[in-house]
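If you want the building blocks of each chain, they are given just below.
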Amino acid sequence: MNSPSLPADSNAADAPRRGLGYWLRRAALSLVRRVYALALIALVLWVSYLAVRYLVVSLITPGQAPRQIADVPKRLDPALLLERRPDWLGLASVETPRSPLARYHRYDNWLQADRFNGCTQSGCHAPLPHAKRKEDRAFLNLHATSIHCGVCHLQNAESPLPLVWYGLDRGEVREPPALLQLFDWLSRHGPELVAEKFGEPEQQRVGDLLAQAGAEGAAPSLARLAQHVRAVRPGSGALRQLIVSAREIVPRDLRGAYGAKLALREPGANRPLLKHPGTDEAVRRYLQEAPTATPERKQELLAAVHPLRREKPLMCSACHTPEQTTIAHTDLGYPPARVRALHAPAVFQMIEHIASGEPFYLPAVSRPGEPAPAMQPAPATQPANGGAP
Amino acid sequence: MLVNHRTHSRARGFGFCAATLAFLVALASPGGAHAEDRDNCLYCHQFPGLSRLDPDSARVRLFYVDPSYVHNSHGPHARLACTDCHERDTVSVVPHKPVTPVDCTRTCHLATPNAPPRRFSHENAARMLEHGAHTRAVLEGLEFTGGPLLNAGQSLCLYCHDEPVFRNPAKVLHAIEDIEGRTFDRCDVCHLTQVPLDTTYYLRHVATRFAPARSTLELAQVCAVCHSDPKVLAAHDLPNSIASYVRSFHGKAALLGDETTANCLSCHVAAGDNVHRMLGPEDPASAVHVSHVPNGCRTIACHPGADRSIAATAVHLDLPTARGTIDFAVALLFIVLTVISFGPSALIVLLELAHLVVGRQHHGNQHLYALAQQVMAHPDGPRRLHRFAPRARLQHWILTLLFTLLCLTGFPLKFPDQLWSRALIDAFGGIGVARVLHHWAGIALVAGFLVHLLDILVAVRRRARELHEKGDRPMTYFRAFAALPFFVTGKDLRRAGQLIAYLVGLRRDRPTFARFSITEKFEYFGVLWGTSLLGLTGLMLWGEQITSHFLTGRAFNLATIVHTYEAFLAVIHVGILHIYNVVLNPAVFPLSLATLSGHTPLTKLVEENGEFVVQTARELGVSTQESILE
């Protein structure tokens, strides 16, 4: 399309009387027009190319299942631990997405990937690093969702350990997880207070914490409960009933999926210590040389990679103790009820017992017509490794 | 040393007994265990991180069991104890012994509130499988691209099944949604005390059975495990049925969230039979055997009023693998048509833009411009130089609105796997609403088209009468029709050649056209042709049950191809070329006012429709030079 030439020609006759500003404006306008035309050429060519390519491809390339159908994880590969569930369109597209095939049980809450854990992101350690001893490896990996490797494996002489929460979204220090705060609030508003009228501030607080906990990886039911809480009238019986429901549901969700993890605080800074400081080059060298290195050289390389490594990692009883000498759970925002549960000796003593090489028989519920539950074996003898997990 | 050892051992023994006791207490506490988890396995298995990497298989061994499934009775298996499936001997001790793979055909115990546990087994399903296409031998022989999907010894049922989940009953039985939770209140009047029954559980269980166990898309995901895996397809000489399904109307609707459209089982499982006895199409007993397909299509839920001929529709038509068929030929024809009709128009636009880039200016015809000004000075001049009458402009804007609505509601079906498609359909309120809007916008478009044809007939009749009154008798109607301004004449074609020559620099002056330029005439014919085709095929597809009584089912495939490719042609023409001409063209940006007022700017009129100016001048008696256009 040409510019309307007739009026422009009539202006040209007055050209000698025009000042510099006029000619600059005219030149700028001309430039804009040319750039605009050039952009339009590119746009028309691009869109035309896309259109023609689509037509040709639709006729000659055999179709494939679209991502909404094919993009589902079919195997429980380690890579799944580095991604988050919404990354798979096939899972996000359906009402009740199925688990990877080899897994029968529902898998709605995916393990939360820790993109800031230097130990696993470096390529040295797997996201589930404990794999050696059958007796305790799964139990130890259980902690990987809420505790950074460094808490147990990095040197620190302080007591209790200087710990901070860091968010799995940004890797920065943050406040305690919403789920713990919510549990704390609900614990304080116990059964004796259920009869009270919950006003707007309480409604706001509980609604926000429920929504945040849902967004941070707790069960989807919490997010739905948040919607309900926000929808009812303050002071109503419905709100009270919802809070009663929350008191029942929330404790079940305290399973370490908080959207945040505990880590050592970096000395002199308000940052989590997420890897051995200053070891990037050593890590690179290790990964490069380790496959062909002699055992001595490998030890040398490993020592360079782990300057802060604890000689002996912390054991279960170091943290699961009412004295809170290693982890000050209360200071870290754990509500009293949760602290009591974490410090109950039963489970970790059981695990240490198992770690010593002694089997532990579950207290099975007997049924009519079935044999009585197996009896617990005799107490364990001295464990080979002193009970260290 | 011995004493020390014994003392230590005794101390440990006491500690361990205390720990065991505490463990049992903890299991009985509200936060630790729940009545549904009869074996207390969730005490450990509720933690998402309970897992490890298996270095041998390079797979994650995930021991997590979602406790909400059990606590909230998300499915029928929530009533099972873990040891109903897992061998008690292997899992009752920690660390567990090497577990025996679960055998889905073993007998389990269904717990009911007011009755002793009942024995149950899926053995029946396993037996049925042996009578279908998916026998144990077939499943055991599956080899997948990238290696096995199941662990050694795992139940083959896992290819299709995972932990069964009740669907949201409110989505199945809308009455439940309407009365919210009150259904349970009414049931509980009796079932809470006198006849104890978990009404919530049973309602969800029964409601779920009113709909397929999985949503349409989930079902496609299940079937796609094998039926879109290249290695499986090659080994069993199968087509990629999932890919062709999503190219069908059913599959596209499924991708856009339609739960009422046909899923894999709708066609492949006969009424009265079940999925475990699914057979291949060559088996006379198969639901998709050629003799049974017509009845499958004509069920009450699908196309009840259709003729048997509807079964001739190729549901799994995938054009790239259908070479040599009429469907492929029609699609190819439309693609060629698209390229040869769109190509020249696009070339003209690109060359005009190139002129702008290089700064080539057309020095317009000064005499013609002066003549146009004289015509405009004539009392009747401005009206006569109107290129678009008010009625035409109104029709244009109605067409614009309907075309836009049709594109917005129709194009998601063409690209259903794109995220924007689903978002767009959801914005309309779902596929059902979008479909209704598309149908009625199409009807309105066809109605508008008929009104326009009526306008043309009226104009022809009026012109014929004028000729008749002038005594210009022979073939008045034919000549009146031939004189309609939208016909492409030999002169138009000549001018088009001159325009190309001008745009590529082989000619100095830009040719000018009559009332409508050649590109406008092509666009107009595109609308006539497109509306006819789209309207006809759209009605065929909408009224498929009626159409099937007159045409073979194959016509639906052809109608779909014609409808979709013609719509695509229309969209790229309008979206790229027409939008350029009336919006993006610098001469009219941001919008050609001719579409609102009917007036074309004088300079543009002189440049593009000079013949129209001259003709109008002659009709008004304004003096013109014979050679003004030369």
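Not measured: the values here are computed from a predicted model.

1. Here we look at the overall build of chain B
When helices and strands are tallied, chain B shows 31 helices and 5 strands. In terms of C-alpha radius of gyration, chain B reaches 37 Å, well past the compact-globule figure of 25 Å for 630 residues. Summarising its shape, the C-alpha atoms of chain B cover approximately 130 × 65 × 55 Å along the three principal directions. Taken over 630 residues, chain B has a buried fraction of 43%. For chain B, the share of sequence-separated contacts (at least 6 apart) that also reach a separation of at least 24 residues comes to 62%. Put simply, chain B shows about 32200 Å² of open surface, and 65% of that area lies on carbon and sulfur atoms. One finds the centroid of the 56 positive side-chain charges in chain B at a distance of 5 Å from the centroid of its 53 negative side-chain charges.

2. Regarding the interface of chain A and chain B
Taken residue by residue, the interface counts 99 residues in chain A and 140 residues in chain B. Of the roughly 10700 Å² buried between chain A and chain B, counting both surfaces, carbon and sulfur atoms make up 63%. Taken together, the connections running from chain A to chain B amount to 3 salt bridges. A salt bridge links D162 of chain B to R106 of chain A; the shortest N-O distance between them is 3.2 Å. Taken together, the connections running from chain A to chain B amount to 35 residue pairs in polar contact (both at pLDDT 80 or more). Of all the secondary structure elements, the ones that give two or more residues to the side of chain A that touches chain B are helix 1 (5-12), helix 2 (20-60), helix 3 (67-70), helix 4 (89-92), helix 6 (137-142), helix 16 (345-355) and strand 4 (360-361) of chain A. In terms of residue count, helix 2 of chain A provides more of the side of chain A that touches chain B than any other element does, 17 residues in total. Tallied by class, residues from the side of chain A that touches chain B come to 55 nonpolar, 24 polar and 20 charged.

3. Section: the environment of V488 of chain B
Residues and elements named next belong to chain B. By the element assignment, V488 lies in the loop between helix 24 (476-482) and helix 25 (490-503). Taking the C-alpha atoms as reference, V488 lies 6.8 Å from K521; in sequence the two are 33 residues apart. Excluding residues within four positions of it along the chain, V488 makes contact with L493, I518 and K521.

4. Quick word on the sheet that holds strand 2 (residues 173-174) of chain A
Taking strand neighbours across the sheet as the criterion, the 3 strands line up as 2-1-3 (chain A) in an open arrangement whose pairing is antiparallel. Two strands in the sheet have a free side with no partner beyond their single neighbour: strand 2 and strand 3 (260-264) of chain A.

5. What about a nonpolar patch on the surface?
On the surface, a nonpolar cluster with roughly 540 Å² of combined accessible area is contributed by V52, V56 and I60 of chain A together with L332, V336, V339 and I340 of chain B. Among the elements of the structure, helix 2 of chain A together with helix 18 (326-358) of chain B are those that each provide at least two residues to the nonpolar patch. The biggest single contributor to the nonpolar patch is helix 18 of chain B, with 4 residues. Inspection of the secondary structure assignment puts V52 of chain A in helix 2. Here V52 of chain A falls in the partly exposed class, since its relative accessible area comes to 35%.

6. Re unusual backbone geometry
Backbone torsion omega between S159 of chain A and P160 of chain A reads -10°, so that peptide bond is classified as cis. Its location among the elements puts P160 of chain A in the loop between helix 7 (149-153) and strand 1 (163-167). P590 of chain B follows F589 of chain B through a cis peptide bond whose omega is 10°. Of note, P590 of chain B is situated in the loop between helix 28 (554-584) and helix 29 (594-597). Residues other than glycine seldom take positive phi values, yet Q324 of chain A does so here, at roughly 55°. One non-glycine residue, S73 of chain B, adopts positive backbone phi at about 50°. Within the secondary structure layout, S73 of chain B lies in the loop between helix 3 (67-71) and helix 4 (82-85). S73 of chain B sits in the buried class, given a relative accessible area of 14%.

7. Structural notes on the pairing of strand 3 of chain A
All names here are of chain A. A large share of strand 3 lies buried, amounting to 5 of its 5 residues. Two elements, strand 1 and strand 3, share 5 bridges in a ladder whose sense is antiparallel. Each bridged residue has a counterpart across the sheet, and for L163 the counterpart in strand 3 is L264.

8. Here's the deal with the packing of helix 8 (residues 178-188) of chain A against helix 11 (residues 237-249) of chain A
Residue and element names in this part refer to chain A. Two elements in contact, helix 8 and helix 11, have axes whose closest approach is 10 Å; the angle formed by their N-to-C orientations is 120°. By the angle between their directions, the pair helix 8 and helix 11 is classed as oblique. Like other packed secondary-structure pairs, helix 8 and helix 11 cross with a definite hand, here left-handed. Where helix 8 abuts helix 11, its residues W185, L186 and S187 lie against I243, A246 and R247. Along the lines of polarity and charge, the residues of the contact of helix 8 with helix 11 split into 4 nonpolar, 1 polar and 1 charged.

9. Re the pattern of salt bridges
All names here are of chain B. In total, this model carries 40 salt bridges over all chains according to the counting rule given. One salt bridge connects R554 with D327, and the closest N-O pair in it is separated by 2.4 Å. A residue pair is termed long-range when its members are at least 10 positions apart, and R554 in helix 28 and D327 in helix 18 qualify at 227 residues. Owing to a relative accessible area of 28%, R554 belongs among the partly exposed residues under this scheme.

10. Regarding the nonpolar core
Most often, soluble globular proteins keep nonpolar side chains buried together rather than apart. Membership of the largest hydrophobic core comes to 42 residues, with the highest contact counts inside it found for L163, W165, L179, L210, V250 and Y334 of chain A. If you tally residues by element for this core, the top one is helix 8 of chain A, at 7 residues. Ignoring any residue separated from it by four or fewer positions in sequence, one finds L163 of chain A in contact with V151, L262, A263, L264, R265, I327 and L332 of chain A. Ranked by size, the runner-up nonpolar core spans 35 residues in total, among them L59 of chain A together with V330, F411 and I561 of chain B.

11. Overview of the confidence of the model for chain A
All names here are of chain A. Confidence along chain A averages 82 in pLDDT terms, with 84% of residues attaining 70 or more. Predicted confidence for residues 1-6 stays below pLDDT 50, and this span has 26 contacts to residues more than four positions away or in other chains. Predicted confidence is poor over residues 8-12, with pLDDT under 50, and the contacts of this stretch with residues over four places away or in other chains come to 2 contacts.

12. What to know about the environment of P320 of chain B
One can find P320 of chain B in the loop between helix 17 (293-297) and helix 18. Given the relative accessible area of 6%, P320 of chain B is considered buried. In this structure the C-alpha to C-alpha distance between P320 of chain B and H86 of chain B, which are 234 residues apart in sequence, comes to 48 Å. Aside from chain neighbours lying at most four places away, what touches P320 of chain B is S58, L59, I60, T61 and P62 of chain A together with R247 of chain B.

13. Regarding helix 28 of chain B
Between the first and last C-alpha of helix 28 of chain B there are 42 Å, a value that for 31 residues agrees with the 45 Å anticipated at 1.5 Å per step. H578 of chain B marks where helix 28 of chain B bends most, by close to 40°.

14. Description of the environment of A483 of chain B
Looking at the element boundaries, A483 of chain B is found in the loop between helix 24 and helix 25. Spatially, the C-alpha atom of A483 of chain B lies 8.9 Å from that of R463 of chain B, the residues being 20 residues apart in sequence.

15. Considerations on helix 9 (residues 200-215) of chain A
All names here are of chain A. In this model, helix 9 (16 residues) spans 22 Å end to end at C-alpha, consistent with the 22 Å of a helix rising 1.5 Å per residue. Listed in full, the buried residues belonging to helix 9 are Q203, V206, G207, L209, L210, A213 and G214. Its buried side turned inward, helix 9 meets helix 8, helix 10 (220-231) and helix 11. Positive phi shows up at G217, right after helix 9, with a value of about 115°.

16. Thoughts on the state of the cysteines
Within the structure shown, the criterion is met by 0 disulfides over all chains. Between C316 of chain A, a free cysteine, and C319 of chain A, which holds the nearest cysteine sulfur, the sulfur-to-sulfur gap is 8.4 Å. Classification of C316 of chain A by relative accessible area gives buried; the value is 13%. Considering cysteine sulfurs only, C264 of chain B is the nearest to C223 of chain B, which forms no disulfide, with 3.8 Å between them.

Calculation rules
Residues numbered from 1 in each chain as written. Chains lettered and ligands numbered in written order. Predicted model: local features only at pLDDT ≥ 70, side-chain atom pairs only at ≥ 80, totals over all residues. Heavy atoms only, no water. Helix = DSSP H or I, 4+ residues; strand = E, 2+ residues; numbered from the N terminus. Rg over C-alpha atoms; globule rule 2.2 N^0.38 Å. Buried < 20%, exposed > 50% of the residue type's maximum accessible area, 1.4 Å probe, protein only. Contact = heavy atoms within 4.5 Å. Areas by Shrake-Rupley, 256 points an atom, 1.4 Å probe, with all protein chains shown as cover. Lys, Arg positive; Asp, Glu negative; His and termini not counted. Charge placed at Lys NZ, Arg CZ, Asp CG, Glu CD. Buried area = accessible area lost by both parts, 1.4 Å probe. Salt bridge = Lys/Arg side-chain N within 4 Å of Asp/Glu carboxyl O. Polar contact = N/O pair within 3.5 Å; in protein donor to acceptor, adjacent residues only side chain to side chain. Nonpolar A, V, L, I, M, F, W, Y, C, P; charged D, E, K, R; others polar. Pairing = 2+ DSSP bridges. Patch = residues over 30% accessible without salt bridge, like charges linked within 9 Å, V, L, I, M, F, W, Y side chains within 5 Å. Axes fitted to C-alpha atoms, helices over the stretch in contact; angles between N-to-C directions. Parallel < 35°, antiparallel > 145°, perpendicular 65-115°, else oblique. Left-handed = near helix turned anticlockwise from the far one by under 90°. Core = buried A, V, L, I, M, F, W, Y, C linked by side-chain atoms within 4.5 Å. pLDDT = per-residue confidence, 0-100. Expected span 1.5 Å × (residues − 1). Bend = angle between axes of the 7 residues up to and from the residue. Disulfide = S-S within 2.5 Å.

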